[in-house]
Amino acid sequence: MTNHSATATDVRPPAGLTLPGRPTARRRPTRAWRVAGYAALVLAAAALLLPFYWMVVSSLKTNNDVFTIPIKWLPDPVVWRNYADIWQRSDMTTWLGNTLLLSVAVTTLQVLTGSFAAYGFARVRFPGRDVLFLAYVGTIAVPWQSYMIPQFVLMSKLHLSNTLWSIVAIQAFGAFGVFLMKQFYETIPEELSESARVDGLTEFGIYRRIMLPLSRPALASLALITFVTTWNDYLGPLIYLRSPELRTIQLGLNTFVSQYNAEYALIMTGSVLSVLPVAVIFLLGQRYFVEGIATTGLKG
Amino acid sequence: MATLSRPRPRRSLVWRNTVAGWSFILPNFAGFAALTLVPVVALFYLAFTNWNVFGVAEWTGTANFRRMWNDASFWTALKNTVYYTVFHIPLTMAAALGLALLLNRKLRGVAFFRTVAFFPYITSIVAIAVVWNQLFSPEYGPVNAFLRWVGIDNPPGWTTSADWSMPAVILVGTWRYMGYYMLLFLAGLQTIPAQLYEAAQIDGATPWQRFVNVTLPGLRHTTFFVTVMLTIESFKVFDLILVMTQGGPGQSTLVLSQYVYQKGFVENQFGYASAVSIVLFAICFGVTLVQFLVNRRVER
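Here the structure is a predicted model, which is why all the values come from computation and not from measurement.

Quick word on the UniProt feature "transmembrane region" (unreviewed entry) in chain A
Residues and elements named next belong to chain A. Sites flagged by UniProt as "transmembrane region" (unreviewed entry) map to residues 35-56, 100-119, 131-150, 162-181, 218-241 and 261-284. With 100% helix and 0% strand, residues 100-119 has its two end C-alpha atoms placed 28 Å apart. As a span, residues 162-181 carries 80% helix and 0% strand, and end to end its C-alpha atoms are 31 Å apart.

Structural notes on the domain arrangement of chain B
Residue and element names in this part refer to chain B. One can read the domain layout of chain B as domain 1 (2-46) and domain 2 (73-299). For domain 1 versus domain 2, the separation of C-alpha centres amounts to 35 Å. In this assembly, 4 residues from domain 1 lie in contact with 5 residues from domain 2. When the area that domain 1 buries against domain 2 is broken down by residue, the three leading residues are L43, F44 and L46, summing to 91%. Our enumeration of links across domain 1 and domain 2 arrives at 0 salt bridges. Linking domain 1 to domain 2 there are 0 residue pairs in polar contact (both at pLDDT 80 or more). Classifying every residue of the side of domain 1 that touches domain 2 by side-chain character gives 4 nonpolar, no polar and no charged.

Focus on the nonpolar core
The nonpolar side chains of soluble globular proteins are, as a tendency, buried together. The biggest cluster of nonpolar side chains holds 156 residues, and the ones touching the most others in it are M148 of chain A together with F74, F113, M244 and L256 of chain B. If one sorts the elements of this core by residue count, helix α8 (residues 165-189) of chain B sits on top with 16 residues. Taken domain by domain, this core gets at least three of its residues from each of domain 1 (2-46) and domain 2 (73-299) of chain B. Excluding residues that lie within four positions of it along the chain, F74 of chain B makes contacts with M68, L256, Y259, Y272, V276 and V279 of chain B. By size, the runner-up hydrophobic cluster in this structure holds 35 residues, among which are F133, Y136 and A218 of chain A together with A20 of chain B.

Remarks on the side chain of S124 of chain B
Within the fold, S124 of chain B resides in the loop between α5 (110-122) and α6 (125-135). Here S124 of chain B falls in the buried class, since its relative accessible area comes to 1%.

Here we look at the confidence of the model for chain B
Here chain B averages 84 in pLDDT, while 95% of its residues score no lower than 70. Ranking the elements of chain B by mean pLDDT puts helix α1 (residues 2-5) of chain B last, at 48, and helix α4 (residues 72-103) of chain B first, at 91.

Structural notes on the pattern of salt bridges
Evaluated as defined, the whole model comprises 8 salt bridges over all chains. In this structure, the salt-bridge partner of R89 of chain A is E263 of chain A, at a minimum N-O distance of 2.8 Å. With a gap of 174 residues between them, R89 of chain A in helix α2 (residues 82-89) and E263 of chain A in the loop between α12 (249-259) and α13 (264-284) connect regions that are remote in the sequence. For R89 of chain A, a relative accessible area of 34% corresponds to the partly exposed category. On the accessibility criterion, E263 of chain A (23% relative accessible area) is partly exposed. A salt bridge links E267 of chain B to K263 of chain B, with the nearest nitrogen and oxygen atoms 2.9 Å apart. Through salt bridges with shared partners, a single ionic network connects E194, R197 and E203 of chain A.

Digging into α5 of chain B
All names here are of chain B. Over its 13 residues, α5 runs 19 Å from end to end, which matches the ideal 18 Å to within 8%, given 1.5 Å per residue. Burial of α5 is extensive: 10 of the 13 residues sit out of reach of the surface. Looking only at α5, the buried set comprises V110, F113, R114, T115, V116, A117, F118, F119, P120 and I122.

Quick look at the interface of chain B and chain A
Contacts between chain B and chain A engage 104 residues on the former and 111 residues on the latter. In this assembly, chain B and chain A are joined by 0 salt bridges. On the surface where chain B and chain A come into contact, there are 13 residue pairs in polar contact (both at pLDDT 80 or more). Per-element tally for the side of chain B that touches chain A: the top contributor is helix α2 (residues 11-46) of chain B, with 23 residues. Tallied by class, residues from the side of chain B that touches chain A come to 68 nonpolar, 26 polar and 10 charged.

Thresholds applied
Residues numbered from 1 in each chain as written. Chains lettered and ligands numbered in written order. Predicted model: local features only at pLDDT ≥ 70, side-chain atom pairs only at ≥ 80, totals over all residues. Heavy atoms only, no water. UniProt positions renumbered as here; feature names shortened; annotations may be inferred. Helix = DSSP H or I, 4+ residues; strand = E, 2+ residues; numbered from the N terminus. Domains from an automatic or database assignment. Contact = heavy atoms within 4.5 Å. Buried area = accessible area lost by both parts, 1.4 Å probe. Salt bridge = Lys/Arg side-chain N within 4 Å of Asp/Glu carboxyl O. Polar contact = N/O pair within 3.5 Å; in protein donor to acceptor, adjacent residues only side chain to side chain. Nonpolar A, V, L, I, M, F, W, Y, C, P; charged D, E, K, R; others polar. Core = buried A, V, L, I, M, F, W, Y, C linked by side-chain atoms within 4.5 Å. Buried < 20%, exposed > 50% of the residue type's maximum accessible area, 1.4 Å probe, protein only. pLDDT = per-residue confidence, 0-100. Expected span 1.5 Å × (residues − 1).

Below is the structure:
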């Protein structure tokens, strides 16, 4: 369906939708409303940010300064040393290395197989396609927690448990990537591939030369979201990775917390380091996160 | 469906498309089938066996389910999961919708706020749980410091108290997810045509009437999707609780997923754990199905 003038029942925004403030004439809120709006905004922002503020500030405190009465809202003295000590006191390097390796491998596989499969679902007509897609979508209503036991049994039979491969296997073939890419492909006009077909391009050629270049924003969304999800995953590594040298950052951080549970400042230092890469990626690619979520969410 | 509605294509074309379609889908589907579909099916076999890691799986019929019926811990886990769900869904929904309405106005700093609101969602559970445990610290934590400051002399013990650990987890859950659902609502709000608001205003509708008669109906699709996602997300709640409270104190925050984990991976009772998984599976699937049917009926 094309995007003609909007009706109330079925309105689908164009793919590259931008989020706040649309350019339509909208009544200007009265002064009192504006003030109330700003007050609410500031309050909500404070509530959302306070934990992060606490994390960063505590990571720069001495251990005894973390919990004080009254609370010290600024570190004094500023203990930069925490950020040097953490590398000695923990296996941070191993954890970060493992996590980076996993995140890159999973993201690459997910983007490749996901965008490939999505083309099959979005553009090739063959019997059984819609039933198959329903199976994909249906698993979104099935939480991983409910089939983690048989999955673990299967992986153990394949001798993959307690290897990094297990995490690659369970994360790389999710339905999410297929779903997101299919939603995006369907916004690309069919005529484009139709005329390419007339020009003699194979289906693979159409995917490679037309769809892929056009779907760069969606690919970016998928890559970023997958990377962050894998980076943050705690349950998969918890179940599959038993050897200390295989630990990911989340697993490592949690063992560190239970080992040194009174090292309040250092625990926060570790937390900051575990969040930092994700924060940087998010701030750089924010647009893609937002668009990816809006696409999958809206049309779900 | 799409295949049938076309004028009957030549047989060779159907064949060619089937091969093309499957070759696109196969790389992803192979992994998806092996690691998701097969385990889901296997779940329904394992649940009727007494399998632990060492022995062989022996068919025991409904023994696991009869055991579950008399298992007080199972009922506690189910009750706690429902407790979490019943509060998490409306709280998150209200917060997300409220924030989305706020951001949809023309205020300064909206883009910044959107980033802030989304931040908890992309931060790993481990880091979040660790920070919130410090914030909730009964004696010296800032949450209770604040409560004392506003005049509550005897603030709750949060994660150290059997009565307050669940509210603490619910609060953190809401804090984490409201930014994500806010984005979905925001995207939904932008599909409501401004003309409808103008017309309502000309008819003399109050802001509240505009909200009830224009905004809410316009958000029907989004609200439906959000409800489904929130329900599944609440019933499968696991990592947040595992890291924040480990189900304690006592069994005060023990939830279904964690009980599966406990029975399966800690006590090696894979058969019984699978039976509990089926309950989790059935709840998520059933609730989603009911919501879909209700949504269809309302739509008509």
